[in-house]
Structures are given as C-alpha cells and as structure tokens.
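Here's the letter readout for the chains.
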Amino acid sequence: MAPLLSLESATKQFGGLIANREVSLTIEPGEIVGLIGPNGAGKTTLFNCITGYMHPDAGRILFGGTDVTHTRPERICRLGVARTWQVVRAFGRMTALDNVVCGALQRTNRMSEARARAGALLEFTGLGGKTDLPAATLTLADKKRLEIARALATRPKLLLLDEAMSGLTPLETTAAVQLVRRIHAELKVTICVVEHVMEVVMPLSHRVVVLDYGVKIADGPPEGVVRDEQVIRAYLGERRAAR
Amino acid sequence: MSRIALVIGAIAAIVYPIPLQLQGYTYYQTVGFLVLLNAMLGIGWNVVGGWAGQFDFGPQVFFAVGAYTAALLFVKLGVGAWLGLVAAVVVAFLICAVLTYPLTRLRGHYFAIATVAIWMIAQPIGATWEFIGGSQGLFIPVKPRGGVVASALSLQFSGPTKALGYYYASLVLFAITLALMALVERSKLGYYFRAIRDDQEAAEGIGIDSRLYKVLARSITAAVFAAGGVLYAFWALSVFPEQALELNWSTLPIMATVVGGIGRLWGPVLGAIILIPIAQIMSTTLGTGPLAGRGVDLIVYGLIIVLIAAFRPTGLLSLPWARWFRLRRSATA
Amino acid sequence: MTELAQAVVNGLQMGFLYALVAVGLTIIWGLMEMINFAHGEFLMLGMFAAWGLSAAFGLDPLIAIVPIGLVMFAFGMLVYQQLMRRVQGGDPFTQIFATIGLLFLLQNAVVAAFTSDYRFANDTLLVRLGGAKLTLLGLTFAVPLLLAAGLALVLFLALYLLIERTEFGLALQATSEDRDAARLVGIRPQRMFAVAWGLGAALVAVAGAILVNFFSVYPQVGLQFTVLAYAIVALGGFGSILGTLLAALLVGVIQSVTVVYLPPAFKDAFVFGSYLLIGLFRPQGLFGRF
C-alpha cells in the first residue's frame, strides 16, 4: 500500500542553521508515528514544512501521491492534513462551537450540517458542556481539545499533533492519550505526534522517528529505538530529566 | 438585536421625519439622512475592519467610484439612479477585488498604508482625468418628476419634500445593507472572516484561503461604500474629487463603529446616532455666533472622542445598559 | 539630464528633513506598534511655536528648536500618560480613534487661538539667506535648504547614536523586542513608552520648526506630513531607524523627480505608487523586522 505521507530528503535551512537535513520518512495509513528528539532537533520545522507554512529548500514532500512541497497550507488541509499547534491557537473571540464550525465549513457549505458536526466533535473530545463558552476562557487542556476537535472537523486523513501534551497535568495527559487512541481507532485517522514525554510516546506509537540536529537518526518500533546507541547519546543527560 | 428593540427602532426611524415635516424642520431630516448614510458605511466597514480585522483606511476610494459610476451612467447614458447603483456596486466590487488581491501579502500596518496608498493615488487621478470631469467634477442635472413614485424611482427629490425623500431613500438603503450584512455575519463568510481576524495562520491550517477571504471582505466593504456614494451623488447632485474622496467618508464611519462597538453589527448604528447629531449640534451652536470659525465645536468633539476612547475603549455597546441592543449570541462579536 | 540630477539633489536634501519628520514615528511604532494620526499635529505645533517665537521675539527657529524640543518632549509624555496609556492594551482601532480625537483637539485648539489664516516666518536666518547658492559639480545647492538638511542630518545621527550606543537606547530596543523580558532586567516599560512618545513628539516638532523656513504655517498643515511619515516608516520597514532614513531620502527624490515631469498633484501619488511596488516584492519594507 502506498504511504500516506512521504518525505524525500527534505532539507530546510535558516541562514546558517540547517533545521532539517535530508530527512526522509514515510507514514503509512493507519499508523501512529511518534516524532521525537531533543529540543531544537527540527521537529516543528518539519511539521511546518509538511503543512505548508514553510517550504523545504530541497527535497520533496508527497501526500497521498500528490506533491505538496510548495503548496499553501489551506490547500494541504483540503487534501487531508490537519494539525494542532505547539502554542495553542484557538480563535479566542469565538465560542468553542464556532471554532469547530470553522473547521467543519471546510467540508460542507450548509451551516446546519456544520453546526451539527461541530457539536458532535465537541462531545467526542469531551467539551460537550462548553459549546457556548468563548474559547479564550477555556483552560489550557480544554483549548487543546478544542484545537483537536477543530482539526478533526476538516475530516483529515492525517492528523499532526505538535506537543499536544505539553503543559498538562498527569491526569490531563492520561485523558489526552485516551483521546488520541479513540481518534485513531474510531475515526480511523492516521496520526503523527511530536512529543517530549517518553512515557506517552512510546506506548502510543507503532513506530518512532528520532531527529537530532536536523538529521533523522532512528526510525523503527519503540522498543528498538530506546535501545539505539545514537538515540541514547542524543538524549544523554536529558533522559534522566524526562518524566 | 432583541426583537422588541428592533421593532421599536424601525418604527421610530420610519416615523421620525414626519413631525419634522409638518413643522418644517427639514434640517433635522437631513441630519437623519447623514446618520443613516454613515451608519450604513459603518456597517460596511465593519466587514473588513471589525470582522476580518484588517486595517482599512481606503474605502472612501470606492465611495467615490460608486458616486462617479452612477453619475457618469446617468449623465452620459441616461441610466436611472437605482440601476446605476447596481452597476456602481458591481464595478466597485470588481475593482476592489483586483486591486486588493496583490496587496494581501502585506500584513497589518503595511496593509493599512497600502490602502492609504490607493487613496493617495486616486486623488490626482480624480482631479485630472477629464473623462470624469477632472477637478470640475460632474453635475447631475435635476429633472424633477412629479409624484412620489417617480421621484423615488429616479432618486431625485425636490421641493418641500426634498429632505424627506432623501431620508427615506437612505433608510431603505440602510435597511437593505443591514439585512444583507446580517446574513453575511451568520454565513460561512462571516465565520471565515472572524477566523482570519483571530488567528490568520491557524485559519489557514483548517483550510481557509486567507488571501481570498481578505479580498472578499474588503470588496464587500467597497460595495457598500459604493452604494453610499451613489446615494451621496444624487443627494448632492454633483460629484467633485475632493468631496467624494474626502477622508471623512471613512474616518467618520470608522469612528462611529469604534464608539458603538467594533465587530458588532449594530455598533456603527449606535455610534452614528451618537456622533453625528453631536457634531451637528455643536457646529450649529458653538460653531456659529461669537465663536464661529474658531473650531470650538470641533475641539469639544475631539474632547468627547478622546474621553470615550480613554474611558470606554471597548465601545459603548459593551456598557451594561446596552444589553438590549446586543445580539443574543454575543460571543460571535 | 542635469535637470534630473538637480532634482535628485534637491530631493535628497528634502529627504533629510523628511527623515527627521518620520523618525519619531519609527520610535513610537517600533516600540509599541501604535498608529498615531496626530503625529503631524505635533509638527504643526512645532511650526506654530517657531513662527510665534520668531514673530513675537525675533527668536530664530534654528535656535528655538531647543525650547520647542524640550516643551514638546514633555507634551508627548503627557499625551502618553493621560491618553495613550489607557488605550494601549485594547483594540488597535480604539487607539487610532483616540489619536483621531487628539487630532481634532489639537488642530482646532490652534484654529481657535490663531484662526486658519496662513502665516509665514519672515525674518529668520534661512529666509534671509534666501537667494544664496552654492555650485558644485555643475549642480546648484540652495544654501538655506542645504543648511536645514545638514541640521536635520546631525539631529538624526544624534538620535541614531542615542538608540544604538547608549544604555538608554538599548533599554528602548529591549522593550520593543520583548516587553516582559525587559521587565525582568529592571526596565520599566511604561517609562520607556512615555519617553518614546516624548522623543517622537519632540523630534517631529523640531522638524516642524526647521520646516517653518520653507512652508507656510496653518493649522491643517499636519495631515499631509502624517500620511507621508507613515509611508516613509512603512517603506523603510516599521521599527528600523536606518530604514527610515533611506526611505525618507528615496521619498524626497521620488517627489522632486516626479515634479519635473508631471503636475505637482502627482508627487505624493508616485511616492505611494512606489510603496505599493516595493511592497509587492518586499512586504516588510526595505529593512523591516519580519
């Protein structure tokens, strides 16, 4: 089966800093892939390139067979990629429902249908009772759920979660992991998570990709990756600090 | 807008000029005309400024485009005012769309200066282009038609019911604009505009083509301003570049919108009802008599604006007593 | 060809004056991202002050820039503390609205005091040097304009050094980069903003005092300079002082070259046309930060 997402030697440079150096990876439909690496490894840059906010200086990115290397973000969303943001970005002045409606309007032009779908997704993500609250007043955990609901409203084939667990309490983190599992199992969405919390990423992912200083240094099942020499070295010292 | 307030307001607006007519106070009908015109422009500006959140200081250009288009069609081809209005709206929409699309790569204040730039370029064009009369402008010859219906259809009122006629014409246009913008607000367009305002990049991430929708927002505003320009042209019976392109045609509606509450559909209405009569009253009291020509009325006006801005920055519609006038789903503002 | 070269030279000199007009805006905007419609009104006040002092006491505008600068510095700080501080955190349109109100206030206060009549500064040094010319490389330099441009350049450089080389200037820059981080190192943002407004008002008023030698003085003279100053600041890139200088020179040149070939009504149109053109290729201006 053809991979859903395919990066071929993607390279992205900012002046003298090479954020992504010839990164090649694939994501198969139905996988949950974890993308990890020390701070500054280039994970968010990779996400930005995949979703069209930046364009690689070299290499190609293909989604579902279509070359999206130089495509704008809105078009990539239309093709079926949705993302959440490292620093949560809800539409603060709108209600939670309206936030998700904006996402749903991507796939339907009928307001009633969009609102119904939005309501259902808010229930799914556990925000059922908060539909009419202004997004800016929600807690951080709820805002993250809102972002996920809004992203899901665009009916993505691939969902990219950028540090969705950061800033959450242990209880909130467990709930978030359950949500990710449900999205994968019930909505049949392929997922790629960027995470720092090892206890979250390892059990969740079918496969883990490790970046260090812009280079992919490992790619395989979690059990293999944690034992990989290079990975251990990259995390030396940080491994003890990870929760 | 709560239903009761809406009905009361509508009745008040319809009935307002009648006692004035009977007493012969046509000046106040004209004040009403100006309130409605500026409220209409404010509602139009709210689309690009309040909903889409773009700094746009150039819609007066499309006010002039509307005025000139309708005036030209009438003077050169004898096209009636209302048909001319439709044409003017379409022309303004298209010109704005074409001009704005390349500008969408400019963000924030750079975009604002670009809108001013178009205005600055339009000024000498207006003053020197002979086809539209240059600095001599265009005159709309008055052809008074007898009868109410004929006058209304040609948008030319004269005689003792002149101000009355224009008042009702502006009321009709205002009502149409309000209704249309209310539809826009609840539509996909409205949602997308507000998404772009709140976070443009996040909006793009859920599939919103920010460039397209910025162009649409601005062009809708342009269309409303063009309609206002047509109304103005047939009221003033002349179109001069300095008058039609005056910055006041955008600053006054913007001020009305900010005073009333930016982003709220009825904001500009409240703002216009407050600001314009104040300006008029002051110019007739403080601006005449011993202090005439000394700008005292404008000093007070400026002071009022400064005080409102300093002490009620979120606009007057956010005051508790104004809750009767607010949309029920207030979080969509 | 020499007509063109002459126009360029004249434009450059005007450009230095424009740079002084615009740089105050760069500081205020660069620091607080605030739009100020009343910027030109500060210039107008500087002009009136210079004219008034010249007419009443025979004080030459070039000397008067010192007291005018000081007074307007205090005035700018006052405007910030009483008005702009209150609207700072809110909607940007409210800020704009507030400055429009300020514009009405200031402009009409002057109308009330002096009427809208046009005034001229008659007996100043530069006016008396009116006909003096300097010829260099086949190009004519009018001495008054040359001296004024020189003074403007000196003041501009002084400001540049203030911002780039002094601790105060660094504090100002730090606040504009990251308000909270600045707080952490003991800088008080509110104070920086007040000083920025003071500096901005003082600089543009001083520019007005210099310009009184060349332009007629009337209460409505400010708006055209406000619009031009914004174009310059945007063209140079909001927040870049060097960008402001280069953009101002460019604008001066565009204006005077345009006037050679077209009616004067078009000179600003070409400035803004150039802005649009440059904006298409460099949306952040020549030296803009983003």
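Fair warning: this is a prediction, and the values are worked out from it, not measured in the lab. (Residues numbered from 1 in each chain as written. Chains lettered and ligands numbered in written order. Predicted model: local features only at pLDDT ≥ 70, side-chain atom pairs only at ≥ 80, totals over all residues.)

## Digging into the overall build of chain B
To be explicit about the condition: A run of DSSP states H or I qualifies as a helix once it reaches four residues; a run of E qualifies as a strand once it reaches two. Both are numbered from the N-terminal end. We take the radius of gyration over the C-alpha atoms and set the globule estimate at 2.2 Å times the residue count to the 0.38 power. In this scheme every C-beta is placed from the backbone, and a residue whose C-beta has 20 or more other C-beta atoms within 10 Å is buried, one with 12 or fewer is exposed, and one in between is partly exposed. Our contact criterion uses C-beta atoms placed from the backbone: two residues qualify when those atoms are within 7 Å.
Along the backbone of chain B there are 15 helices and two strands. By the compact-globule yardstick of 20 Å for 333 residues, chain B fits well, its C-alpha radius of gyration being 20 Å. Dimensions of chain B along its principal axes, counting C-alpha atoms only, are 60 × 50 × 40 Å. Within the span of chain B, comprising 333 residues, buried residues form 56% of the whole. Of the contacts formed within chain B by residues at least 6 apart in sequence, a portion of 74% connects residues at least 24 apart.

## Examining the interface of chain A and chain B
The cut-off we apply is this: For this classification, the nonpolar set comprises Ala, Val, Leu, Ile, Met, Phe, Trp, Tyr, Cys and Pro, the charged set comprises Asp, Glu, Lys and Arg, and every other residue, Gly included, is treated as polar.
Each partner contributes residues to the interface: chain A has 27 residues there, and chain B has 17 residues. Elements that contribute at least two residues to the side of chain A that touches chain B include exactly α2 (73-79), β6 (81-83), α3 (96-104) and α5 (140-152) of chain A. The class makeup of the residues in the side of chain A that touches chain B is twelve nonpolar, seven polar and eight charged.

## A closer look at the arrangement of the chains
Interchain contacts are distributed over two pairs of chains, and the most extensive set of them lies between chains B and C. There is a clear gap between chain A and chain C: no contact, and 13 Å between their nearest C-alpha atoms.

## Things to note about the sheet that holds strand β5 (residues 66-67) of chain A
Residue and element names in this part refer to chain A. For the record, the criterion: Any two strands are treated as partners once DSSP identifies two or more bridges connecting them. Note on geometry: axes are lines fitted to C-alpha atoms, helical ones only across the stretch in contact, with angles between N-to-C directions running from 0 to 180 degrees.
The antiparallel open sheet is built from four strands, whose spatial order is β2-β1-β4-β5. Looking along the sheet, the strands with just one partner apiece sit at the ends: β2 (17-27) and β5. Note: strand β4 (residues 58-63) against β5, two bridges, orientation antiparallel. Bridge pairing in β5 places Phe63 opposite Thr66. Those strands touched by helix α1 (residues 43-50) are β1 (5-14), β2 and β4, and its axis lies near 65° from that of β2.

## Examining the pairing of strand β8 (residues 190-194) of chain A
Residues and elements named next belong to chain A. Where we set the bar: By convention a crossover is right-handed if, when the strands point away from the viewer, the path from the first strand over the helix to the second runs clockwise.
Across the five residues of β8, five count as buried, placing the element largely inside the fold. Both faces of β8 are covered, namely the face carrying Thr190, Cys192 and Val194 and the face carrying Ile191 and Val193. Sheet topology places strand β3 (residues 32-36) next to β8; four bridges connect them, and they run parallel. When the sheet's bridge partners are listed, Val33 is paired in β8 with Cys192. Both strand β7 (residues 158-162) and β8 contribute to a ladder of five bridges, which runs parallel. Across the sheet, Leu161 pairs through a bridge with Val193, a residue of β8. Taking the sense of rotation as the criterion, the β-α-β connection linking β7, helix α6 (residues 170-186) and β8 turns out right-handed.

## Focus on the domain arrangement of chain A
All names here are of chain A. Condition: Residue ranges for the domains trace back to a domain assignment, done automatically or taken from a database.
You can read the domains of chain A as domain 1 (5-80 + 156-241) and domain 2 (90-153). The C-alpha-based centres of domain 1 and domain 2 are spaced at 25 Å. Between domain 1 and domain 2, the residue contacts involve eleven residues of the former and eight residues of the latter. At the level of secondary structure, the elements contributing two or more residues to the side of domain 1 that touches domain 2 comprise α2 and α6. It is α6 that provides the largest number of residues to the side of domain 1 that touches domain 2, a total of three residues. Here the residues of the side of domain 1 that touches domain 2 are counted per class, giving eight nonpolar, one polar and two charged.

## Focus: the packing of helix α3 (residues 61-87) of chain C against helix α9 (residues 189-211) of chain C
Residues and elements named next belong to chain C. Put simply, the test is: Throughout, a crossing is termed right-handed when the near helix is turned clockwise from the far one, and left-handed when it is turned anticlockwise from it by less than a right angle.
Look at α3 against α9: their axes get within 6 Å of each other, and the N-to-C directions meet at 145°. Crossing geometry of α3 relative to α9 is assigned as right-handed. Partitioned by chemical class, the residues of the contact of α3 with α9 number 23 nonpolar, five polar and no charged.

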